[in-house]
Amino acid sequence: QAQLVESGGELVQPGGSLRLSCKASGGFFSSHAMGWFRQAPGKEREFVSAISWDGGSTFYSPSVRGRFTISRDNPKNTIDLQMNSLKSEDTAVYYCAAAGSTTAFFEGFYGIPYWGQGTRVTVSE
């Protein structure tokens, strides 16, 4: 059974950095596109970043481009999200996700079949 488990969320000051990780199990990881969504209090879940199955293509929302970097390690079944220059508006629960292609990440979260439970990131003084 496919399972995604996130880690790394915590309280960080504005301007700081944080690295989120997602560990996949269930034998599907290397053939799937992976990525991250986030949901801030009172807001809808939104796309953050995605990476193709081979790591050759990466995508970012305009709000995080230049500050966040997504990467994957297929032998270890993990993806990471390096977040730099964090802002208060980055505060949210971050969810790891997997889909058959990166296209699914741009079609709304309804098309994403696999989700983690989320890890909370709080950017505050």
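It should be noted that the structure appears before, not after, this text.
Parameters at a glance
- Residues numbered from 1 in each chain as written.
- Predicted model: local features only at pLDDT ≥ 70, side-chain atom pairs only at ≥ 80, totals over all residues.
- Heavy atoms only, no water.
- Helix = DSSP H or I, 4+ residues; strand = E, 2+ residues; numbered from the N terminus.
- Rg over C-alpha atoms; globule rule 2.2 N^0.38 Å.
- Buried < 20%, exposed > 50% of the residue type's maximum accessible area, 1.4 Å probe, protein only.
- Phe/Tyr/Trp six-rings, centres within 6.5 Å; stacked < 30°, edge-to-face > 60°.
- Lys NZ or Arg CZ within 6 Å of the ring centre and 35° of its normal.
- Disulfide = S-S within 2.5 Å.

Undergrad: What exactly am I supposed to notice about the overall build of the protein chain here?
TA: The helix and strand inventory of the protein chain stands at 0 helices and 11 strands. Expected size for 125 residues packed as a compact globule is a radius of gyration near 14 Å; at 13 Å, the protein chain falls within 12% of this value. On the principal axes, the C-alpha backbone points of the protein chain span a range of 40 × 25 × 25 Å. Looking at the protein chain as a whole, 44% of its 125 residues qualify as buried.

Undergrad: What exactly am I supposed to notice about unusual backbone geometry here?
TA: Peptide bonds are mostly trans, and most non-glycine residues show a negative phi. Phi angles above zero are rare outside glycine, and Asn-77 is one such case at about 55 degrees. Secondary-structure assignment places Asn-77 in the loop between β7 (68-73) and β8 (78-83). Notably, Ser-85 is not glycine yet its phi reads approximately 50 degrees, a positive angle. Relative to the elements of secondary structure, Ser-85 occurs in the loop between β8 and β9 (92-99). Looking at Ser-85, the relative accessible area reads 42%, which means it is partly exposed.

Undergrad: I would appreciate a short explanation of the packing of aromatic side chains in the present structure.
TA: The relative placement of two aromatic rings is captured by the distance of their centres and the angle of their planes. One pass over the structure, following the stated rule, counts 7 aromatic pairs. Consider the rings of Phe-37 and Phe-47, whose centres lie 5.9 Å apart with planes at 75 degrees: the pair is edge-to-face. Of this pair, Phe-37 sits in strand β4 (residues 33-39) while Phe-47 sits in strand β5 (residues 46-51), placing them 10 residues apart in sequence. Comparing Phe-37 with Phe-47, the two get one shared label, buried. Among the aromatic residues, those joined into a ring-pair cluster are Phe-37, Phe-47, Phe-59, Tyr-95, Phe-105, Phe-106 and Trp-115. The ring of Trp-115 is capped by Arg-45, whose NZ or CZ atom sits 4.7 Å from the centre of that ring. The cationic tip of Arg-72 hangs over the ring face of Phe-29; the distance from NZ or CZ to the ring centre is 4.5 Å.

Undergrad: What am I meant to see in the state of the cysteines here?
TA: Cysteine pairs can be covalently joined through their sulfur atoms, and such a bond is termed a disulfide. For the coordinates displayed, the defined rule picks out 1 disulfide. A disulfide bridge connects Cys-22 with Cys-96, and the sulfur atoms are separated by 2.1 Å. Because the sign of the S-S torsion sets the handedness, a value of about -80 degrees for the bond joining Cys-22 and Cys-96 places this disulfide among the left-handed ones. A residue pair is termed long-range when its members are at least 10 positions apart, and Cys-22 in strand β3 (residues 18-25) and Cys-96 in strand β9 qualify at 74 residues.

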